[in-house]
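These are the residues of each chain, in order.
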Amino acid sequence: MQLSSGFPIGEIKSPFHSVVTDYKSKDQVTVSLADAIVPADRDFEITWRAQASQEPRVALFKENTPKGDFILAFVTPPKLNDIQGDEFQKKPREVIFVLDNSGSMSGPSMRQAKDSLIFALDKLSHLDRFNIVRFDDTYEVLFSSAVDATKDNLKTAKEFVSSLEADGGTEMLPALKAALYDTTPQNNEFLRQIIFLTDGAIGNEKEMFDTIVKHRGRSRIFTVGIGSAPNSHFMSRASEFGQGTFTHIGSEQQVKERMTELFNKLENPVMADLTATWTNTINVESSPSFLPDLYSGEP
């Protein structure tokens, strides 16, 4: 595999296969399997990061085709621990966790989801507040509204999560509406983040997308796909409409690593409410239609 990024490449990883990397230059790397014979029993997944820098990087890629010109803008902010100044103080967050405990999550998926949520609760700071929504063919909201991340509240939440079992059908829409319900939509003191932990086994995707677009407000939606074969289409699109990101946890061994990466990111937003402005240009289509926020060290 030839990886040509157009920017200096940092870490390259493959969670399910051993790989060998050969750096031809800072932005040209050959990636190959370490073993000559590999069983075709799982997807090959590779991830890479831009090389860490104290300054922002911008790359612009352009391709001319008979169907028109295509442009990709790639913006990578610096890592926050490389920036000095009070303006980058972390803001407190209001985190709403949504946990799927329907029958399709039984077995390893449910264990991964519960481990992921308990790990996420431990990552909250004393400045944050939170709530939990669980759903199968019914839904339940743990607290009447978001509560402070105190020791007692976190203990109650962990006991609630630990007691859950996978059972019943999957009715995600009521839980989504409950998570999106915001009693203080104009409050800019807290960053409101919704984290969905599910395998995405639903049939009303369009209705879910419409609900996110119409009722998202100030919330950002981050989907966490649980299990070996989550509904990646739904979760990728849901996070795109929600101006968030999609994280896949395919095994119990990945829970700590993937959730640590996600929460390190969620704690460090660099720029929000981004827009692209086009001048003197006709028939421009932008994708994604809602630009995501920029987080520390992540393009």
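This text follows the structure it describes.
The model shown is predicted, which means the values in this text are computed figures rather than measured ones. (Residues numbered from 1 in each chain as written. Predicted model: local features only at pLDDT ≥ 70, side-chain atom pairs only at ≥ 80, totals over all residues. Heavy atoms only, no water.)

Undergrad: Just checking my understanding: could you explain empty space enclosed by the protein for this structure?
TA: In this approach a probe as big as a water molecule rolls over the atoms, and the regions it shows empty are the leftover space. All told, the structure shown has 1 cavity of 30 Å³ or more when counted by the stated rule. Taken as a whole, the largest cavity spans an internal volume of roughly 50 Å³. Forming the boundary of the largest cavity are Met172, Leu176, Phe196, Met208, Ile212, Ile221, Thr223, Phe234 and Ala238. Of the residues in the lining of the largest cavity, the class split is 8 nonpolar, 1 polar and no charged. (1 Å grid on protein atoms, 1.4 Å probe; cavity = no way out; pocket = protein on both sides within 12 Å on 5 of 7 lines; lining within 4 Å. Points joined across faces, edges and corners; volume = space filled by probe spheres on them. Nonpolar A, V, L, I, M, F, W, Y, C, P; charged D, E, K, R; others polar.)

Undergrad: Whenever I open this one, a nonpolar patch on the surface confuses me. Can you help?
TA: A cluster of nonpolar side chains, contributed by Met1, Leu33, Val38, Phe44 and Trp48, occupies part of the molecular surface with about 440 Å² of accessible area. Within the element layout of this structure, Met1 appears in the segment before β1 (2-4). Assessed through its relative accessible area of 44%, Met1 is described here as partly exposed. (Patch = residues over 30% accessible without salt bridge, like charges linked within 9 Å, V, L, I, M, F, W, Y side chains within 5 Å. Areas by Shrake-Rupley, 256 points an atom, 1.4 Å probe, with all protein chains shown as cover. Salt bridge = Lys/Arg side-chain N within 4 Å of Asp/Glu carboxyl O. Helix = DSSP H or I, 4+ residues; strand = E, 2+ residues; numbered from the N terminus. Buried < 20%, exposed > 50% of the residue type's maximum accessible area, 1.4 Å probe, protein only.)

Undergrad: Help me understand the environment of Phe290, please; the structure alone is not making it clear to me.
TA: For Phe290, the position within the fold is in the loop between β15 (269-271) and β16 (294-295). A relative accessible area of 31% places Phe290 in the partly exposed class. Considered as a pair, Phe290 and Val213 are 77 residues apart in the sequence and their alpha carbons are 9.6 Å apart. Ignoring anything within four residues of it in the chain, the contact list for Phe290 reads Val213, Glu240, Phe241 and Gln243. (Contact = heavy atoms within 4.5 Å.)

Undergrad: Please clarify how the packing of helix α3 (residues 172-180) against helix α4 (residues 205-215) should be interpreted in this entry.
TA: Angle between the axes and distance between the axes: these two values describe a pair of packed helices. Relative to each other, α3 and α4 sit at 10°, their axes nearing to 10 Å. By the angle between their directions, the pair α3 and α4 is classed as roughly parallel. Together, Met172, Leu173, Leu176, Lys177 and Leu180 of α3 and Glu207, Met208, Thr211, Ile212 and His215 of α4 make up the contact between the two elements. (Axes fitted to C-alpha atoms, helices over the stretch in contact; angles between N-to-C directions. Parallel < 35°, antiparallel > 145°, perpendicular 65-115°, else oblique.)

Undergrad: Quick question: what am I supposed to make of the pattern of salt bridges here?
TA: Should their charged atoms come close, side chains of opposite charge can pair. Here the structure, examined in full by the defined rule, presents 19 salt bridges. Among the salt bridges present, the one from Glu261 reaches Lys13, with a minimum N-O distance of 3.3 Å. Remark: Lys13 occurs in strand β2 (residues 9-13) and Glu261 occurs in helix α6 (residues 255-266); sequence separation between them is 248 residues. Under the relative-accessibility criterion, Lys13 is labelled partly exposed at 24%. One salt bridge in this structure joins Glu94 and Arg129, with 2.8 Å as the shortest N-O distance. In this pair, Glu94 sits in strand β8 (residues 93-100) while Arg129 sits in strand β9 (residues 129-135), placing the two residues 35 residues apart along the sequence.

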